[in-house]
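Chain residues, written in single-letter form:
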Amino acid sequence: MPASEQGVSPNRYKLVPRTLVFVTRDEQVLLLKGAEEKRLWAGLYNGIGGHIEQGEDALSAARRELLEETGLPGDSLWLCGTVLVDTGQDTGIAIYVYRGEVPYGDLISSAEGSLEWVRRSHLKAIPLVEDLPVLLPRVLDSLPGMPPFSALSYYDSRERLHIIFSD
């Protein structure tokens, strides 16, 4: 269907597409500790990811981000979920969450922060980005072939984060 028939209108809700990638090695998950000088998530642990560029599909973007930020291949990635972030504005965020297993490979340094393999049992002891304590258990329990989860994320009037999963 050509763009003229897609129903694109400036009055409709718009989404900025992003990827979020979690790779594991045995009982460890690779996390990025945000550089202290970063505007967002400084000193907090997060997955690997970033924006999906125009003309790029979500899986290709996830593989690109993983390679750029870690040096690891993304051959084993699978979609384990999507999160729509309602920002309370005309534009929201769509996050395509991927998981993969990477049994080998050396990490490269990144300007984004420091990469660390964290044992799953230690996740509660480190400062995670606010949504990860809720998302990570679902992501890490995801297996290839399982249906992906679907979630809505938003902040209420008291600035409390809510993540609602559709079952």
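Residues numbered from 1 in each chain as written. Predicted model: local features only at pLDDT ≥ 70, side-chain atom pairs only at ≥ 80, totals over all residues. Heavy atoms only, no water.

S.K.: Which residues make up the environment of G113, and what values do they have?
M.R.: Along the chain, G113 falls in strand β7 (residues 113-119). Take G113: its relative accessible area is 15%, and that puts it in the buried class. If near-sequence neighbours (up to four positions away) are discounted, G113 is found in contact with L32, K33, G34 and A35. (Helix = DSSP H or I, 4+ residues; strand = E, 2+ residues; numbered from the N terminus. Buried < 20%, exposed > 50% of the residue type's maximum accessible area, 1.4 Å probe, protein only. Contact = heavy atoms within 4.5 Å.)

S.K.: Hey, could you go over the packing of aromatic side chains for me, with residue numbers and the actual values?
M.R.: Taken as a whole, this structure holds one aromatic pair when the rule is applied. Seen from their ring centres, F149 and F165 are 5.5 Å apart, and the 75° between their planes marks the pair as edge-to-face. Here F165 lies in strand β9 (residues 161-166) and F149 lies in strand β8 (residues 149-155), a separation of 16 residues in the sequence. For F165, a relative accessible area of 16% puts it in the buried group. For the cation-ring pair, R138 lies above F165, with the distance from its terminal atom to the ring centre recorded as 3.7 Å. (Phe/Tyr/Trp six-rings, centres within 6.5 Å; stacked < 30°, edge-to-face > 60°. Lys NZ or Arg CZ within 6 Å of the ring centre and 35° of its normal.)

S.K.: Outline the environment of R25, supporting the account with residue identities and numerical values.
M.R.: Inspection of the secondary structure puts R25 in strand β1 (residues 14-25). Under the relative-accessibility criterion, R25 is labelled buried at 17%. Contacts of R25, omitting those with residues within four sequence positions, involve L72, V102, P103, Y104, G105 and W117. Here the side chain of R25 touches G105 through a polar contact of 3.2 Å, landing on its backbone oxygen. (Polar contact = N/O pair within 3.5 Å; in protein donor to acceptor, adjacent residues only side chain to side chain.)

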